[in-house]
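Now for the letters of each chain:
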Amino acid sequence: MKQYVKGKASKVQGFIFSTAMLLELLVALIVIIALIIMLINVPRELLTLIETMEFNNFLKNMFDIIIGIELLKMLCRHDLDSVVEVLLFSVAREMVIEHMPIYFTLIGIISISVLFLIRKYLFVSALDKDEH
């Protein structure tokens, strides 16, 4: 009886895992479509940049595309490197785009430093594994 319950539980776990993977692929496809739509708008934004000198808005949109690409990589790779990279770009975006007071900028710098320390000392990244 116990073996039967264990077999059923593993089948249910396998189904849930497969469903989660399919949903993750669906989200990744939606992110790809959104990135393509955003990239189509880049030439028009360049023309607007020339006309209005709205560099900050252009930079915000470019960071959004970069963060979207990193998010897509995170969904596909399933490793801590990807998560740290998304967080790094997100914090950097806020620091560059939003002209924050100096103490918020200091918190952003500390956040980026902590993320680098986490990446360096708390786990071995995929890049480091290839070097050894």
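The paragraphs below set out a description of the structure included in this document. Being a predicted model, the structure only gives us computed values, none of them experimental.

Cut-off values and rules
Residues numbered from 1 in each chain as written. Predicted model: local features only at pLDDT ≥ 70, side-chain atom pairs only at ≥ 80, totals over all residues. Heavy atoms only, no water. Helix = DSSP H or I, 4+ residues; strand = E, 2+ residues; numbered from the N terminus. Buried < 20%, exposed > 50% of the residue type's maximum accessible area, 1.4 Å probe, protein only. Contact = heavy atoms within 4.5 Å. Areas by Shrake-Rupley, 256 points an atom, 1.4 Å probe, with all protein chains shown as cover. Axes fitted to C-alpha atoms, helices over the stretch in contact; angles between N-to-C directions. Parallel < 35°, antiparallel > 145°, perpendicular 65-115°, else oblique. Left-handed = near helix turned anticlockwise from the far one by under 90°. Nonpolar A, V, L, I, M, F, W, Y, C, P; charged D, E, K, R; others polar.

## A closer look at the overall build of the chain
Argument step 1. Scanning the chain from terminus to terminus reveals six helices and zero strands.
Argument step 2. Starting at the N terminus, the α and β elements of the chain follow one another as α-α-α-α-α-α.
Argument step 3. Looking at the chain as a whole, 22% of its 132 residues qualify as buried.
Argument step 4. Across the chain, contacts joining residues at least 24 apart in sequence account for 58% of those joining residues at least 6 apart.
Argument step 5. Here the chain has roughly 9900 Å² of accessible surface; of this, 73% comes from carbon and sulfur atoms.

## What to know about the packing of helix α2 (residues 42-52) against helix α3 (residues 55-77)
Helix-helix packing: each pair is described by the crossing angle between the helix axes and the interaxial distance.
Argument step 1. Their axes nearest at 9 Å, the elements α2 and α3 cross at an angle of 160°. When the axis of α2 is compared with that of α3, the two are roughly antiparallel. Crossing of α2 over α3 shows left-handed handedness. Of the residues in α3, those touching α2 at Val42, Glu45, Leu46 and Leu49 are Phe55, Phe58, Asn61, Met62 and Ile65.
Argument step 2. Looking at side-chain class alone, the contact of α2 with α3 contains seven nonpolar, one polar and one charged residues.

## Here's the deal with the packing of helix α4 (residues 80-97) against helix α5 (residues 102-122)
Argument step 1. At their nearest, the axes of α4 and α5 sit 10 Å apart, and the two run at 165° to each other. In terms of their interaxial angle, α4 and α5 are classed as roughly antiparallel. Pair α4 / α5 crosses with left-handed handedness. Residues Asp81, Val84, Glu85, Leu87, Leu88, Val91, Ala92 and Met95 of α4 lie in contact with α5, whose contacting residues are Thr105, Gly108, Ile109, Ser111, Ile112, Leu115, Phe116 and Arg119.

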